[in-house]
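# Summary of the model geometry
Residue strings, one per chain:
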Amino acid sequence: MSVQEFKCPGCGAKLKWDAAEQKMKCDYCDNTYDIATLEEFQKEEGEQSTEEYAWDPYSASGELSGMKTYVCQSCGGAITVGEDSAAASCPYCDSPVVLDANVTGMLKPDLVIPFRKTKEEAQQAMKNFCKGKPLLPPTFISESRIEEVKGLYVPFWLYDCGAAGKMRFDATKVKEWSTDDFDYTKTEHYMVIREGTAQFDDVPVNGSSKMESSYMEAIEPFETSEGVQFQSAYLSGYLADKYDIDSVQAQPRANERVKAGMEQLLRNTVVGYTTVTTQSSSTRLETGKIRYAMLPVWILSTRYRGKIYKFAMNAQTGKFVGELPISWGKFWAIFAGITAAVTAIGTVIQLFL
């Protein structure tokens, strides 16, 4: 004969039956639980939901004709342009590029979002981004060649799917009160379970290894509802990167983004508690299809004192991100000024003591 034992969901200690309470009681955290609740908790603990991520295969819609590809000899970036276009430097590392006739044509996208923001707006955004930065080297703007900002269509995979999620949380409600002699704190633990479904459309994943995904996700969102059927004319005056991360390789990131989105939706429904801690989470993708898209980005890669600094702007919405150098001379000057000011204040205080 086996004896069923229960552990406290709050602190993990062994529970004992309390005759007065007619419940299982924890001697460590003083919480009480009825048997039905504990059995449900153990059932949830024992369930191990399998996460499934099954996408429909992506079928290519053919390749574009009348295109040529430039290959950067430094970073290997492959940039596709129209036959009448020319690229003077790589948008990723600022190195010269040369035509490589052996590179295959560009895969025809399912949709494209045309450029909305102009080159002049991108240049002004860059200048505004640099304003008010006291540690920025004074020569950075003059040496960064802002006029060479390039319009680039970045390849993206867009994933559509339905998701079903289930999460279990350990939530607490803390009550505090005082008497003349003591301060009291009472912590009540709750097992909170949330289940739900949601539809995720056009979850974007960057298809270029040369373009940092952190930059691309930072300038989101792109309004894919404004996407149009691709025509080669949209490339006129711009560059287009060739994807080197295919839809299968990009799927893990899509899975992560869908799961994070589902978890956030479920977590947002748990309100009214002092603390909420996730205990388990599972997500199942119900359906999935993939589209290939070209999304517009203004990009500037510039060398300054031997290091490449990159900047990107969403050419649909104008959202701007980038990394700026630091003038350590300015930093130490400011630090010295602050130190001198603190020392002077300390001296004044001493005089009045």
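Going by the structure above, here's the rest.
As the structure is a prediction and not an experimental result, all values here were calculated from the model.

Counting its regular elements, the protein chain contains six helices and 14 strands. By residue count, 39% of the 353 residues in the protein chain fall in the buried class. Put simply, 75% of the contacts in the protein chain that link residues at least 6 apart link residues at least 24 apart. If you sum the accessible surface of the protein chain, you get close to 19500 Å²; carbon and sulfur atoms cover 51% of it.

In a regular helix each residue adds 1.5 Å, so 21 residues correspond to 30 Å; helix H5 (residues 247-267) covers 29 Å between its end C-alpha atoms and thus fits that length. Within H5, the axis deviates most sharply at Arg-253, by approximately 30°. Those residues of H5 that fall on the buried side of the exposure criterion are Ser-247, Ala-250, Gln-251, Ala-254, Asn-255, Val-258, Met-262 and Leu-266. Tucked into the core, H5 has its buried residues touching strand E8 (150-178), strand E9 (183-206), strand E11 (275-285) and strand E12 (289-304). Between the side-chain oxygen at the start of H5 and the backbone nitrogen of Val-248 there is a gap of 3.1 Å, and the oxygen is on Asp-246.

This paragraph deals with the layout of surface pockets. The volume enclosed by the largest pocket comes to roughly 420 Å³. Looking at the lining of the largest pocket, its residues break down into six nonpolar, six polar and eight charged.

Moving on: the pairing of strand E2 (residues 23-26). Strand direction decides the pairing type here: strand E1 (residues 15-18) and E2, joined by four bridges, are antiparallel. Bridge assignment links Lys-16 to a residue of E2, and that residue is Lys-25. Hairpin connection from E1 to E2: four residues lie between these consecutive antiparallel strands, with Gln-22 at a positive phi of about 60°. Here E2 pairs with strand E3 (residues 32-33) via two bridges, running antiparallel. Across the sheet, Lys-25 pairs through a bridge with Thr-32, a residue of E3. Counting the residues in the hairpin turn of E2 and E3 gives five residues, including Asp-30, whose phi is positive at 70°.

One pass over the structure, following the stated rule, counts nine salt bridges. Among the salt bridges present, the one from Asp-244 reaches Lys-210, with a minimum N-O distance of 3.5 Å. Here Asp-244, found in the loop between strand E10 (239-241) and H5, pairs with Lys-210, found in the loop between E9 and helix H4 (213-218); they are 34 residues apart in sequence, far enough to count as distant. Across the pair Glu-212 and Lys-310 runs a salt bridge, and its minimum N-O distance is 3.3 Å.

Looking at the element boundaries, Asp-170 is found in strand E8. The charged side chain of Asp-170 is buried without a salt bridge, its nearest counter-charge being Arg-168 at 7.5 Å. One polar contact links Asp-170 to His-189, side chain to side chain, over a distance of 3.4 Å. With near-sequence residues (within four places) excluded, Asp-170 lies in contact with Pro-9, His-189, Tyr-190, Thr-275, Val-276, Thr-277 and Gln-279.

The next thing to look at is the environment of Leu-15. Considering the arrangement of structural elements, one finds Leu-15 in strand E1. According to the relative accessible area criterion, Leu-15 is buried, its value standing at 5%. Considering only alpha carbons, one finds Leu-15 and Asp-27, 12 residues apart in sequence, at a separation of 7.4 Å. Each residue touching Leu-15, except ones within four places of it in the same chain, is listed here: Phe-6, Lys-7, Cys-8, Met-24, Lys-25, Cys-26, Tyr-33 and Leu-38.

Residues Glu-220 and Pro-221 are joined by a peptide bond in cis, for which omega reads 10°. Looking at where Pro-221 falls in the secondary structure, it is placed in the loop between H4 and E10. Its identity is not glycine, yet Asp-202 carries a phi of approximately 55°, on the positive side. One can find Asp-202 in strand E9. When its relative accessible area of 16% is taken as the criterion, Asp-202 is described as buried.

The end-to-end C-alpha distance of helix H2 (residues 119-130) is 17 Å, a good match for the 16 Å that 12 residues give at a rise of 1.5 Å each. Of the residues making up H2, those classed as buried are Ala-122, Gln-123, Ala-125, Met-126 and Cys-130. Buried residues of H2, seen end-on, are gathered within an arc of 160° and therefore sit on one face of the element. At the C-terminal side of H2, Gly-132 shows a positive phi close to 70°.

Take empty space enclosed by the protein next. Throughout the structure, instances matching the rule amount to one cavity of 30 Å³ or more. By volume, the largest cavity is sized at about 50 Å³. Around the largest cavity, the lining comprises 11 residues; the ones closest to its centre are Ala-122, Met-126, Val-149, Leu-300 and Phe-320.

This next bit is on the side chain of Glu-188. Residue placement: Glu-188 occurs in strand E9. The class for Glu-188 is buried, based on a relative accessible area of 18%. If sequence neighbours within four positions are ignored, Glu-188 has contacts with Asn-31, Ala-171, Thr-172, Lys-173 and Lys-175.

Glancing now at the nonpolar core. One finds Trp-157, Tyr-159 and Phe-200 to be the most contacted residues of the largest nonpolar core, which totals 46 residues. Looking at this core, the elements with two or more residues in it are H2, E8, E9, H5, E12 and strand E13 (307-314). In terms of residue count, the dominant contributor to this core is E8 (eight residues). Ranked by size, the runner-up nonpolar core spans 23 residues in total, among them Leu-111, Val-154, Tyr-215 and Ala-312.

Calculation criteria
- Residues numbered from 1 in each chain as written.
- Predicted model: local features only at pLDDT ≥ 70, side-chain atom pairs only at ≥ 80, totals over all residues.
- Heavy atoms only, no water.
- Helix = DSSP H or I, 4+ residues; strand = E, 2+ residues; numbered from the N terminus.
- Buried < 20%, exposed > 50% of the residue type's maximum accessible area, 1.4 Å probe, protein only.
- Contact = heavy atoms within 4.5 Å.
- Areas by Shrake-Rupley, 256 points an atom, 1.4 Å probe, with all protein chains shown as cover.
- Expected span 1.5 Å × (residues − 1).
- Bend = angle between axes of the 7 residues up to and from the residue.
- Polar contact = N/O pair within 3.5 Å; in protein donor to acceptor, adjacent residues only side chain to side chain.
- 1 Å grid on protein atoms, 1.4 Å probe; cavity = no way out; pocket = protein on both sides within 12 Å on 5 of 7 lines; lining within 4 Å.
- Points joined across faces, edges and corners; volume = space filled by probe spheres on them.
- Nonpolar A, V, L, I, M, F, W, Y, C, P; charged D, E, K, R; others polar.
- Pairing = 2+ DSSP bridges.
- Salt bridge = Lys/Arg side-chain N within 4 Å of Asp/Glu carboxyl O.
- Lys, Arg positive; Asp, Glu negative; His and termini not counted.
- Arc of directions from axis to C-beta.
- Core = buried A, V, L, I, M, F, W, Y, C linked by side-chain atoms within 4.5 Å.

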